[in-house]
Amino acid sequence: MGSIGIEGRFAFRRKALPLEARMTGEMVSFSRMRGGHRRHLLAFCALVAVSATGCLPSRAQAPDRVDIGDFDASKLPRLPGAKDVFASPFTTIFVSPQAIGPTADAVEKALVALGWQKYAAPNTASAENPTMRTLTLKKGRQALNVFITVAPAQNNAISVQYSAVPLKVDLPFTADAADIEYSPDRPSLSLVSGEPVEKLLDFYRQELASRGWVLWSAKANGKQAPGGPSGTLHERGGFAYFVSDQEPKATLALVLQKTDAGKVRVEIKPQPISVLANERQVYLGRDNVAPPVAVSDLPRLPGARDTGKSTAERVSYSVPGNVPATTAAIKALLAAQGWTFYLVPLDDRHSTWLTFIKGQQGLSVRFTISPGRNEENTDQTTVEYIADRLQFAPPVAEDAAEVMFDEHRPYLSLISGGTPQSLREFYARTLAASDWEPLPEADIATKWPNAKLDPKPANGDIAYFMRGNVRPLMLVLRTTGQGRTQVELKAPAFAELQSLEADNDIFGLPVPKPRKNAGGTNGGTGREIHAQVMASLEAVLSFYRGALSARGWKEDARAMVGPEDAEVNFTFPEGTASLKLARQYGLTTVSLIEKITKPKPQSVAGSASVNDMLQQAQQMMRDAEAQAGVPIQPPAAARGADDAVQPLQPLAGGNAPIPLPETAQDIDFDGEDGTLQFASASSVKSIAEFFRSALQRSGWRAKPSVINNANMAQLQFAKGNKDLSITVMKMGPSTNVNARGSGLQVAAAKPDAPAAGNRSAGNALAPAPSADDLIVEESAGLPVPKRHTMSEGTQTPFRRELNANVPLDLSVVLEFYRRELGTRNWKEDAKSVVVAADRATVRFASPDGPAVLKLSRKGNETTVNLAVKNPEAARKAGILPPAGKAHVMFGNIMPEDASLTFNNRTIKVAANAGTKGPDGPALDLAPGKYKYSIKTGGKIDADEVEIRSDETWGLMIGPGGVLALQAY
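Since the model is a prediction, treat every value here as computed from it, not as a measurement.

Draft legend 1. Main features of the overall build of the protein. What the protein contains, in helices and strands, is 15 helices and 58 strands. Counting only contacts in the protein whose residues sit at least 6 apart along the sequence, the fraction spanning at least 24 positions is 54%. Accessible surface computed for the protein: about 47300 Å², of which carbon and sulfur atoms make up 51%.

Set out below in structure tokens:
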């Protein structure tokens, strides 16, 4: 009689019973047949055949011991009362007296107690089967398959089979590994560990080396020599690459990512060997891979008291004393620890913000004071340490003074007591440690044939260096005449961009990209923009000549252009303009000032910086001054298209609880959140007049308007215990309306199933998309499908937002964004995903900062709201709220001190506070609704602002009252 085989779909490989098993089976059958117990042999065959498709040839071989090591299935644990059917080192089968569920649980528990770790196949889902269970486990370099099933031929007894799993690819598990997904046939592993990132990198470096995989080094562009770091660390985890002589066309990528639960997600996947060339270029393009400083280890000033707001990334404590005294003490304390204080070139000086560098690590120190005090008279100062990651981290001489440093580009300037010769030797030596090699002038002439080299300074020196093939660096040394040397390290002019692209206009004036910074102002007599551009002066001048000429501006023939600066004047139909360029700190600075001699329409739309936001608020308040004390009804006289009041009728069939004007388009109403948005071709005053009249007829009481002009109107209404706030703003050729309040909130409809044959248009399925529908378009730097009926993007240095309507199924739009944002290196937070039939919310970690995608089904369209914040820009501007809280800034454009009541607290705001930057009082608050009021003209104007966590708002006092604007 031939032996009986085991089907590989339960043992991962189609193999016959091993030789020992077949021999055992034949001996059993012979002895039992002699005893007349043939039924026992038949039962045994039936038990094994449950998992078989047929009998395999008797010449099938046992698994190779090289594949399974010293695995011995016969020594694996049995359950109490179990009866062996047969046992061998490769396959063992026994019958359990318990049911299939308890049997599986008991077997798993027993194996785990012996050090076996359970894993699942990658990217698979398992369904509960009451008649069968399979387990896959690994211990060291051995793997095991457990197959548990019901055996009808044994009176439905429970059969347990242990089988060896040969490992084609052995990848190690950490001792505490959880949620393991692993493939023994290809290099794929995913697990969660509680070990620190550094320890995990060391663990896998050692374990993979024992399996023939050697750590690859981007610095060496080859195998890492013994010692040195085991990978690259970053704020969110770390990574490493491994190579093997046995697999010359592939590399193993180890990626470690911190989770919100304090654990680390470990992933190992194969990658083509070509990715290492890309990693080498990334390394050469960013010379600093040092981890951020551990701020909790930094020294604190005497008398420090923890504020309770410290996190892993920042430390917060308070000390007695004012800001100047605390600043001096911090500089001395950190200098003693080797930290060098520096200023950022061309940045505004902040008395409450300091920056330091030490080696390849950066640190920011922020000071805050209590509301109602200033920097001088405060008796308590809060100190906050914030770790900075420096993209460019050049060596700084130990005795450096007057340090100017830009962490985002190659620029460093300082004064040292060393000689030009000693400093050149110092920089040649220290730059070499980061792979910067000397660049001879002959090589410069070869690579940059049109390069114009700077002349060697008198009594100084100049040297060039290269990192990789595209990153030159110039070292300029100049003696100061006082026995000291000025050091300047920067990109040489010949390697800067020689052509520029146009970015989005600021206040209607052109700006190039890439740039470091930009901003502007917009007034009735003209506009002004300023920028710092990372390109040569010639490239910036060429850009503006082309851009302004395309707008019909005529250049004055008396232009003055030199190697370090340029001044060009222009004329155009409405007035004149002056363009000034200058080379400063390795940048080209731009100043374009326009003077209007003829009236032209103004716009308040757009914002480029926190100063722009404040200036915009000031202009709005000044415009509102003329309306202070004027009755709510606007004047009937019309002076232009924007001033004319067009009688509007209510829109038929509107789904909002308030009447809408007949010209309303792209309506987006959310009764659950109490929000309403729409666009209209009607003027601001026409829409404002419509709401005043229509809502008054509906029983709403109007409150005085702080802003009421041709470009913008803010309307406030009350009805019983309900409130309503409506903002009407001119945005280019259309008018945008945003409303919110309890007057718009309606009870959510119960999810009753629609009656058959009565499917509403709102529930209609959108047509299937074509490939052309899903072509990616951009708005405010964010993607939107080509097939959309409305798309509006807003962008500031602190926040980008996209609102769109897409006539496609919600599931299609969700898949579009998951795919497109994934290609932009946005990481989805799987734990916070909420997806339903009519709405979805997905949070991401983008390269710029946290982001959230909200989709909802309205009518036959999917509405899209995609917003991403830039906390680094907000932090640099000093307006970033603490984690989980909101930040409120107060300003005052009046020439005299003023005060307002905010949340039953009197806030005093100095004259002109907040008009040039966020230098007025500020509060960090819990999310919620806050009431505020101010007494103007003998009466009290009260209002309310709702702020959410991680938002920043500004409240600006002006002659017409208080204006609230969201800044972040």
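Draft legend 2. The sheet that holds strand β26 (residues 485–490), seen in detail. Here we have six strands laid out as an open sheet, ordered β21-β22-β26-β25-β24-β23, and antiparallel in their pairing. A single partner strand is all that each edge strand has here, and the edge strands are β21 (401–406) and β23 (437–438). Where strand β25 (residues 471–479) meets β26, six bridges bridge the pair, whose relative direction is antiparallel. If you follow V476 over to β26, its bridge partner there is E488. Here helix α9 (residues 420–432) sits on the sheet and contacts β22 (411–416), β24 (461–467), β25 and β26; the angle it forms with β25, its principal contact strand, is near 160°.

Draft legend 3. Molecular detail of the pattern of salt bridges. Going through the model one piece at a time under the given rule, you end up with 31 salt bridges. Of the charged contacts, one joins R211 and E207 as a salt bridge, the two residues approaching to 2.9 Å between their closest N and O atoms. The class for E207 is partly exposed, based on a relative accessible area of 23%. Here D435 and K219 are joined by a salt bridge, their closest N and O atoms 3.1 Å apart. Here D435 is found in the loop between α9 and β23, whereas its partner K219 is found in the loop between β9 (214–217) and β10 (222–223), with 216 residues between them in sequence. Looking at D435, the relative accessible area reads 18%, which means it is buried. Judged by its relative accessible area of 39%, K219 falls in the partly exposed class.

Draft legend 4. Main features of the nonpolar core. V540, Y544, W553, L579, L581, V590 and L592 are the most contacted members of the largest nonpolar core, which totals 29 residues. Among the elements of the structure, β30 (526–533), α11 (537–550), β33 (565–572), β34 (575–584) and β35 (587–596) are those that each provide at least two residues to this core. Setting aside anything within four residues of it in sequence, one finds Y544 in contact with P510, V511, P512, I529, S549, L579, V590 and L592. The next biggest cluster of nonpolar side chains, apart from the first, holds 28 residues, and it includes V169, L200, L233 and F242.

Draft legend 5. Main features of the environment of A209. Summarising the element assignment, A209 is placed in helix α6 (residues 197–209). A residue is classified by how much of its surface remains accessible, and A209, at 42% relative accessible area, is partly exposed.

Draft legend 6. Highlighting the packing of aromatic side chains. Under the counting rule described, the total for this entry stands at 24 aromatic pairs. Centroid distance F902 to Y930: 5.6 Å. Interplanar angle 15°. Geometry classified as stacked. Pair noted here: F902 is in strand β52 (residues 898–902) and Y930 is in strand β55 (residues 928–936), with a separation of 28 residues, a long-range link. Note that K331 overlies the ring of F341, its terminal NZ or CZ placed 4.1 Å from the centroid. Its guanidinium or amino end placed over the ring of W448, K447 lies 5.6 Å from that ring's centre, counting from NZ or CZ.

Draft legend 7. Broad picture of α11. The terminal C-alpha atoms of α11, which comprises 14 residues, lie 20 Å apart, in line with the 20 Å expected from a rise of 1.5 Å per residue. Every buried residue belonging to α11 is among L537, A539, V540, L541, F543, Y544, A547 and L548, and all of these are buried. Two residues or fewer after α11 comes G552, characterised by a positive phi angle close to 90°.

Draft legend 8. Quick look at the confidence of the model for the protein. Looking at the protein, the pLDDT average stands at 79 and 81% of residues meet or exceed 70. Mean pLDDT values for the elements of the protein range from 32 in helix α2 (residues 19–34) up to 96 in strand β17 (residues 340–342). Note that residues 1–67 has pLDDT below 50 and, in this model, 90 contacts with residues that lie over four places away or in other chains.

Draft legend 9. Geometry of the pairing of strand β45 (residues 799–806). Burial of β45 is extensive: seven of the eight residues sit out of reach of the surface. In the sheet, β45 pairs with strand β50 (residues 861–869) via eight bridges, with the strands oriented antiparallel. Note on β50: the bridge partner recorded for N803 is N865.

Draft legend 10. Representation of the sheet that holds strand β2 (residues 91–96) in the model. Across the sheet, six strands lie side by side as β1-β2-β6-β5-β4-β3; this open sheet has antiparallel pairing. With partners counted over all chains shown, the strands left at the sheet margins are β1 (83–87) and β3 (117–119), one partner each. Going from strand to strand, the sheet's axes swing by 25° on average, the running direction of each strand aside. Both β1 and β2 contribute to a ladder of four bridges, which runs antiparallel. Its bridge partner being in β2, F86 is matched across the sheet by I93.

Draft legend 11. Region of interest: the pairing of β21. As defined by bridge partners, β21 adjoins β22 across four bridges and the pair is classed as antiparallel. Residue pairing for β22: D406 is matched across the bridge by Y411. Linking β21 to β22, which pair antiparallel, is a turn of four residues.

Draft legend 12. Up close: α6. With 13 residues, α6 extends 18 Å between its outermost C-alpha atoms, agreeing within 8% with the 18 Å of an ideal straight helix rising 1.5 Å per residue. Residues of α6 that are buried sit in contact with β8 (188–193), β9, β11 (232–234), β12 (237–244), β13 (247–258) and β14 (264–272).

Draft legend 13. Examining unusual backbone geometry more closely. Note the cis peptide between K513 and P514, where omega equals 5°. Of note, the phi angle at L346 is positive, near 70°, even though the residue is not glycine. Looking at where L346 falls in the secondary structure, it is placed in the loop between β17 and β18 (353–358). Given a relative accessible area of 26%, L346 falls into the partly exposed group. Here the phi dihedral of N825 falls at roughly 70°; this positive angle occurs in a residue that is not glycine. The partly exposed category is assigned to N825, whose relative accessible area is 44%.

Draft legend 14. The arrangement of the side chain of S846 in detail. Relative to the elements of secondary structure, S846 occurs in the loop between β48 (839–845) and β49 (850–858). One polar contact links the side chain of S846 to the main-chain carbonyl oxygen of G849, over a distance of 2.6 Å.

Draft legend 15. Structural context of the environment of Y119. Structurally, Y119 is set in strand β3. Those residues in contact with Y119, other than ones at most four positions away along the chain, are T136, L137, K138, A143, F173, I180, Y182 and P184.

Draft legend 16. Highlighting the environment of A851. When you line up the elements, A851 lands in strand β49. As a C-alpha pair, A851 and L866 span 15 residues in sequence and 7.4 Å in three-dimensional space. Each residue touching A851, except ones within four places of it in the same chain, is listed here: W826, V842, R843, F844, A867 and V868.

Parameters at a glance
Residue positions are given per chain, counted from 1 along the sequence in the order it is written. Under the rules for a predicted model, residues below a pLDDT of 70 receive no local features and side-chain atom pairs below 80 are neither given nor counted, while totals for whole chains, interfaces and linings still include all residues. Excluded from the side-chain calculations are hydrogens and water; all other atoms, namely the structure's heavy atoms, are used. Numbering of helices and strands runs from the N terminus, with a helix taken as a DSSP run of H or I at least four residues long and a strand as a DSSP run of E at least two residues long. Residue contacts follow a heavy-atom distance rule, with two residues in contact if any of their heavy atoms lie within 4.5 Å. Using a 1.4 Å probe, the Shrake-Rupley method yields the accessible areas, and only the shown protein chains count as cover for residues. In this scheme, strands are said to pair when DSSP sees at least two bridges between them. Fitted lines through C-alpha atoms give the axes, limited to the stretch in contact for helices. The angle between two N-to-C directions lies from 0 to 180 degrees. Whenever Lys or Arg places a side-chain nitrogen within 4 Å of a carboxyl oxygen from Asp or Glu, that contact is recorded as a salt bridge. The buried label applies to any residue whose accessible area, calculated with a 1.4 Å probe on protein chains only, is under 20% of its type's maximum; exposed applies above 50%, and partly exposed to all values in between. Put simply, a nonpolar core is a bunch of buried Ala, Val, Leu, Ile, Met, Phe, Trp, Tyr and Cys residues held in one set by side-chain atoms that sit within 4.5 Å of each other. Pairing of aromatic side chains requires ring centres within 6.5 Å, counting the rings of Phe and Tyr and the six-membered ring of Trp. Pairs whose planes differ by under 30 degrees are stacked, by over 60 edge-to-face, and all others tilted. In this scheme, the term charge over a ring applies when either NZ of a lysine or CZ of an arginine sits within 6 Å of the ring centre and within 35 degrees of the ring normal. Expected span of a helix: the number of residues minus one, times 1.5 Å. A score between 0 and 100, pLDDT records how confident the predictor is in each residue. Whenever two N or O atoms come within 3.5 Å, that pair is a polar contact, provided that in protein one can donate a hydrogen and the other can accept it, and provided that, for residues adjacent in sequence, both atoms are side-chain atoms.

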